[in-house]
Amino acid sequence: MSGVRVLVGTRKGAFILTADGKRERWEVSGPHFAGFEIYHVKGSPADPDRLYASQTSSWFGQLIQRSDDGGKSWQTVGNEFAYQGVAGTHQWYDGTPHPWEFARVWHLEPSYTDPDVVYAGVEDAALFRSSDGGKSWHELPGLRGHGSGPHWQPGAGGMCLHTIIVDPGNPERIFIAISAAGAFRTDDGGKSWRPINRGLKSEGIPDPNAEVGHCVHRIAMHPSRPNVLFMQKHWDVMRSDDAGDTWREVSGNLPSDFGFPIDVHAHEPETIYVVPIKSDSEHFPPDGKLRVYRSRSGGNEWQALTKGLPQRDCYVNVLRDAMAVDTLDACGVYFGTTGGQVYVSADAGDSWAPIVRDLPAVLSVEVETLP
Amino acid sequence: MIRVVLPANLRKLAHVDGELALDVAAPVTPRRIVDAIEERYPMLRGTIRDHATQRRRPFVRFFACEQDLSHESPDAALPDAIASGMEPFLIVGAMAGG
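Residues numbered from 1 in each chain as written. Chains lettered and ligands numbered in written order. Predicted model: local features only at pLDDT ≥ 70, side-chain atom pairs only at ≥ 80, totals over all residues.

A. Main features of the overall build of chain A. Helix and strand content of chain A: 0 helices and 30 strands. A compact globule built from 371 residues would reach a C-alpha radius of gyration of about 21 Å, and chain A, at 19 Å, matches this within 12%. Counting only C-alpha atoms and orienting by the principal axes, one finds that chain A spans roughly 50 × 45 × 40 Å. A sequence separation of at least 24 residues applies to 50% of the contacts in chain A between residues at least 6 apart. (Helix = DSSP H or I, 4+ residues; strand = E, 2+ residues; numbered from the N terminus. Rg over C-alpha atoms; globule rule 2.2 N^0.38 Å. Contact = placed C-beta atoms within 7 Å.)

B. Inspection of the overall build of chain B at higher detail. Looking only at helices and strands, chain B features 3 helices and 5 strands. When the helices and strands of chain B are listed from N to C terminus, the series reads β-α-β-α-β-β-α-β. Relative to the globule expectation of 13 Å for 98 residues, the C-alpha radius of gyration of chain B, 12 Å, shows essentially globular dimensions. With respect to the three principal axes, the spread of C-alpha positions in chain B is 35 × 25 × 25 Å. The buried share among the 98 residues of chain B stands at 30%. Here the analysis covers contacts within chain B between residues at least 6 apart in sequence; of these, 53% occur between residues at least 24 apart. (Buried ≥ 20, exposed ≤ 12 C-beta atoms within 10 Å, placed from the backbone.)

C. Structural detail: the sheet that holds strand E22 (residues 258-264) of chain A. Residue and element names in this part refer to chain A. The strand order across the open sheet built from 4 strands is E22-E23-E24-E25, with neighbouring strands paired in antiparallel fashion. What marks the edges here is a single partner per strand, and that holds for E22 and strand E25 (303-305). The sheet shows a mean angle of 30° between the axes of neighbouring strands, taken without regard to direction. Two elements, E22 and strand E23 (residues 272-277), share 5 bridges in a ladder whose sense is antiparallel. Its bridge partner lying in E23, Ile 262 is registered against Val 274. (Pairing = 2+ DSSP bridges. Axes fitted to C-alpha atoms, helices over the stretch in contact; angles between N-to-C directions.)

D. Quick peek at the nonpolar core. With 108 residues, the main nonpolar core has Val 6, Val 8, Ile 219, Tyr 334, Val 342 and Val 365 of chain A as its most contacted residues. Every residue in contact with Val 342 of chain A, bar those within four places of it in the chain, is listed here: Val 6, Val 8, Leu 17, Tyr 334, Gly 336, Pro 354, Ile 355, Val 356, Leu 359, Val 362 and Val 365 of chain A. Counting residues in hydrophobic clusters, the runner-up holds 25 residues, among them Phe 62, Ala 64, Leu 90 and Ile 91 of chain B. (Core = buried A, V, L, I, M, F, W, Y, C linked by C-beta atoms within 7 Å.)

E. A look at unusual backbone geometry. Residues and elements named next belong to chain A. Between Gly 30 and the following residue, Pro 31, the backbone shows a cis peptide bond with an omega angle of 5°. The residue Pro 31 is located in strand E3 (residues 27-32) in this model. A cis amide bond, omega 0°, links Ser 179 with the succeeding residue Ala 180. Within the secondary structure layout, Ala 180 lies in the loop between strand E15 (174-179) and strand E16 (182-186). The phi dihedral of Asp 313 is positive, around 55°, even though this residue is not glycine. By the element assignment, Asp 313 lies in the loop between E25 and strand E26 (323-325). By the C-beta count within 10 Å, which is 7 here, Asp 313 ends up exposed.

F. Summary view of the interface of chain B and chain A. Facing the 14 residues of chain B at the interface are 12 residues of chain A. With 3 residues, the top contributor of residues to the side of chain B that touches chain A is helix H1 (residues 8-14) of chain B. Among the residues making up the side of chain B that touches chain A, the classes are represented as 7 nonpolar, 6 polar and 1 charged. (Nonpolar A, V, L, I, M, F, W, Y, C, P; charged D, E, K, R; others polar.)

G. Seen up close, the sheet that holds strand E18 (residues 216-221) of chain A. Residue and element names in this part refer to chain A. Spatially, 4 strands are ordered E18-E19-E20-E21 in an open sheet, and the strand pairing comes out antiparallel. The open sheet has two free edges, formed respectively by E18 and strand E21 (248-249), since each of these has just one partner strand. Bridge count for E18 against strand E19 (residues 229-233) is 5 bridges, and the pairing is antiparallel. Bridged to Ile 219 within E19 is Met 231.

H. Summary view of the environment of Lys 12 of chain A. Residues and elements named next belong to chain A. Structurally, the position occupied by Lys 12 is in the loop between strand E1 (3-10) and strand E2 (13-20). The exposure class of Lys 12 is partly exposed, given the 18 C-beta atoms found within 10 Å. Taking the C-alpha atoms as reference points, Lys 12 and Trp 100, 88 residues apart in sequence, are found 27 Å from one another. Not counting chain neighbours up to four residues away, the residues in contact with Lys 12 comprise Pro 31, Ala 34, Gly 35 and Pro 360.

I. Spatial organisation of the pairing of E2 of chain A. Residue and element names in this part refer to chain A. Looking at chain direction, E1 and E2 are connected through 8 bridges and run antiparallel. Along E2, the bridge assignment pairs Gly 3 with Asp 20. Taking the residues between adjacent antiparallel strands as the criterion, E1 and E2 are bridged by 2 residues. Hairpin remark: E2 followed by E3, antiparallel, with 6 residues in the connecting loop; positive phi at Arg 23, about 60°.

J. Main features of helix H2 (residues 30-40) of chain B. Residues and elements named next belong to chain B. Inspection of H2 places Pro 30, Ile 33, Val 34 and Ile 37 among the buried residues, and these make up the whole buried set. For H2, the angular spread of buried residues about the axis comes to 95°, placing them on one side. Turning to H2, the residues buried within the fold contact strand E1 (2-5), strand E2 (20-22), strand E3 (60-64) and strand E5 (89-93). (Arc of directions from axis to C-beta.)

K. Inspection of the environment of Gln 55 of chain A at higher detail. Residue and element names in this part refer to chain A. Note on placement: Gln 55 falls in strand E5 (residues 47-57). The exposure class of Gln 55 is buried, given the 28 C-beta atoms found within 10 Å. The spatial distance from the C-alpha of Gln 55 to the C-alpha of Thr 76 is 9.7 Å, given a sequence separation of 21 residues. With residues near it in sequence (within four places) discarded, Gln 55 still touches Phe 33, Phe 36, Ile 38, Leu 63 and Gln 65.

Below, the structure is given as structure tokens:
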């Protein structure tokens, strides 16, 4: 019988949650790398037993862990992330120049076809690639060299490259997003990049319609429609039907259009999910009610999903990498909270149940659908 | 033999219990000790000092013989008690909560 493996990164270690296809009875493994911040754990689509984890610490820096057996055992691989050439400066919060400094890996994106190929999105923002299973890392410098780099600025969490989406039909096309620079696209495997932020409008930057400077929180794409992108921005939920060339707002009837994660149903490319958060300073759900919102029309018309979720006195947040979907039928939806809960819906969001309630603050959630 | 005490997180990473015992050629310096640690435990590369700059990480401290040697030159000879193995060289994670 098919099953799922949920990969959870937290402030104090990684956890692996497994269940069969019913997604009712769960086994919990962990903490792995106890005491370390695990920003992200993700499996290879080409080999589900190949996992990569970003292990980081203010004390001891960045480590990358790799598993070849689905998380039963791990080995430390390469952790040298050296910017190519002169690192240069970006803007600090006050607009003054600030040197580019490596802090940590936010996101790991394994290739669709080769388990040894994996991309890393890092803070300060840059994109790295490994083609030897994480042993060595090389920057794709065309992104920082695009020319707008000196004008990028950090979001509240740092100047992080947090989203990497590879077009499954065309590995030369990659989308990335940076807080708070915006979204970028390459069509030549990372040699050259261009900003794809037309249509975004942001308060808090001198020109609300600027080419760069937008705090994009997350982008999602359905693999069958690589030209359709959905974005949760600092404020505003956005949609593009031309691979990011232009965007339009689809926030519609959401109670707040601030939030972090956004994801797409595995079998319905027009069904999308967000978790509205009250505001940029009040990082918790409006009215103390934890509600996932689902649109079956690709945005604008949203339905609150509440069954099984706390509907009073709930003041957790759901971070940008902490939502995922499986590919079972019916599609499973997962998200983790800063309060340490990981919720699952085995019916595409209609009802929810906690898998675990008391983990450290959850930073990321990914899921693998196993044969 | 030089004796080295690692912080708990690095002992876990290196899969070791207790103190390290390392051969380090004279003169024994912080740099040579970290070189020897990274040689024997490659998974610790980058965790005590930065790969590129070779500078001690800001939240890592070096103590020996009840002294804080964190800000001494990495090439300064350590006290005889460290070089002889009478006292351990302590690598400590700064007490900063978390």
